[in-house]
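Remarks on the overall topology
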Amino acid sequence: MPLHIETPLIESSSLGRPGLSVWLKLEALQPPGSFKIRGIGHACERHAEAGKRRFVSSSGGNAGLAVAYAGRRLGLPVTVVVPETTSARARALIEAEGAELRVHGAAWHEANALALSLVDGETAFLHPFDDPLLWEGHASLIDEALRQGPGFDAVVLSVGGGGLLSGVVEGRRRNGLETCPVFAVETEGAASLARSVEAGRRVTLETISTVATSLAAREVCEQAFALTQSHDIRPVLVGDREALRACERFLDDHRILVEPACGAALAAVSDGAADLSAFRSVLVVVCGGAVATIDTIRAASAALDEAA
Ligand SMILES: *Cc1c(COP(=O)(O)O)cnc(C)c1O
């Protein structure tokens, strides 16, 4: 039994339009709140089989939450090291899964250094996106969607560090869908993939500024960039405001709350930033996210309105 669940695939009448069916893969319904449990659950199971006795993560977001959940399910202890900037909600969610939460450092790289120092022969470190085991696990999302639905001629998803993208491309490959394009959506303040594709090489952003905290990777993993050089991957940018609005609309239309990181992919479809005019049936990965609440989403919208 894998640690993730088979999520529903539903057609969205609010995002669809004449000539275009929009299918939602509802990863927001995974028990830890996002698609991350697919890859992390798969990796944790492989590590446990290989004799690892504990797991370590330095993610204060959905990856850390997925590791905590996987450890609880497998009966293995988990330590999540997060920086002081991690929200009270994220800390509480990780602790509620029974993981040991250690708060260390003002910035993520300090927490990450401590997490890495805890790794030994019996301890596996789970990276949030840069790990072939994760990509292999994420790919199950495409296997499932193809079993459940009518088939797709394009995929829309969000990109942070590029683990989801790498997994979806792997899923396409192993299902013989090589030519199906992937719209890779980022917010403007976290455009590490789009900037890299523009430059023709992997770029590290100086700064990140976005409400979509789960997309805040200063650089994408090498694999994600390499895939853009050999596959039909189309970078798309949306604004923070559009991502936030898409979250509110999705809550109204589908009664599910997602993070702005996921709102970005939804906004790319609803606001037309992804040019879907050539396609008839599009799969949107509703990647989810457990860290936002409707109050934080509305507060972020209000703050943007005030700044404008
Ligand atoms: C991690 C995450 C992403 C981005 O995934 P990457 O594999 O880092 O590209 C997008 N949305 C949510 C909700 C996430 O948790």
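Note that the structure is a prediction, hence the values are computed from the model and not measured. Just so you know, the residues in each chain are numbered from 1, in the order the chain's sequence is written. Note on the predicted model: pLDDT of at least 70 is required for a residue's local features to be given, and 80 or more for side-chain atom pairs to be given and counted; whole-chain, interface and lining totals, by contrast, use all residues. Processing note: side-chain calculations cover all non-hydrogen atoms of the structure and skip hydrogens and water entirely.

Here we take up the state of the cysteines. The disulfide criterion is simple: two cysteine sulfur atoms within 2.5 Å. For the structure shown, the criterion picks out 0 disulfides. No disulfide involves Cys44; its sulfur sits 18 Å from the nearest other cysteine sulfur, which is in Cys221. Looking at Cys287, it has no disulfide partner, and the nearest cysteine sulfur is the one in Cys262, 3.9 Å off.

The next subject is the site of the ligand. Any residue with a heavy atom positioned within 4 Å of a molecule or strand is treated as near that molecule or strand. For the ligand, the set of nearby residues contains 16 residues, the closest of which are Lys36, Gly160, Gly161, Gly162 and Leu164. Any N or O atom pair separated by 3.5 Å or less is treated as a polar contact, with the protein-specific requirement of one donor-capable and one acceptor-capable atom, and with residues adjacent in sequence counted only for side-chain atom pairs. In the model, an oxygen atom of the ligand is placed 2.7 Å from a nitrogen or oxygen of the Gly160 main chain. In the environment of the ligand, an oxygen atom lies 2.9 Å from a nitrogen or oxygen atom belonging to the backbone of Gly163. Burial of the ligand by the protein chains amounts to 98% of its free accessible area of 380 Å². Here the open area of atoms and residues is found with the Shrake-Rupley method and a 1.4 Å probe, where only the protein chains shown may cover a residue.

With that settled, consider unusual backbone geometry. For Arg255, which is not glycine, the phi dihedral falls at a positive 60°. In this description a helix means any DSSP run of H or I spanning at least four residues, a strand means any run of E spanning at least two, and both kinds are numbered starting from the N terminus. Summarising the element assignment, Arg255 is placed in the loop between α10 (240–254) and α11 (260–270).

Domain parsing of the protein yields domain 1 (9–35 + 133–307) and domain 2 (36–128). These domain boundaries are the output of an automatic or database domain assignment. Computed from C-alpha atoms alone, the centre-to-centre distance between domain 1 and domain 2 is 24 Å. Throughout, the accessible surface (probe 1.4 Å) given up by two parts as they are put together, summed over both, is called the buried area. When domain 1 packs against domain 2, close to 1,700 Å² is buried across both sides, 59% of that on carbon and sulfur atoms. What counts as a salt bridge is simple: a side-chain nitrogen of Lys or Arg found within 4 Å of a carboxyl oxygen of Asp or Glu. Our count for the domain 1 to domain 2 interface comes out at 2 salt bridges. For Arg38, the salt bridge goes to Glu144, with nearest N and O atoms at 2.9 Å. Among the secondary structure elements, those contributing two or more residues to the side of domain 1 that touches domain 2 are α5 (132–138) and α6 (140–148). If one sorts the elements of the side of domain 1 that touches domain 2 by residue count, α5 sits on top with 5 residues. Taken together, the residues of the side of domain 1 that touches domain 2 sort by class into 9 nonpolar, 8 polar and 5 charged. Classification used: nonpolar for Ala, Val, Leu, Ile, Met, Phe, Trp, Tyr, Cys and Pro, charged for Asp, Glu, Lys and Arg, polar for all others including Gly.

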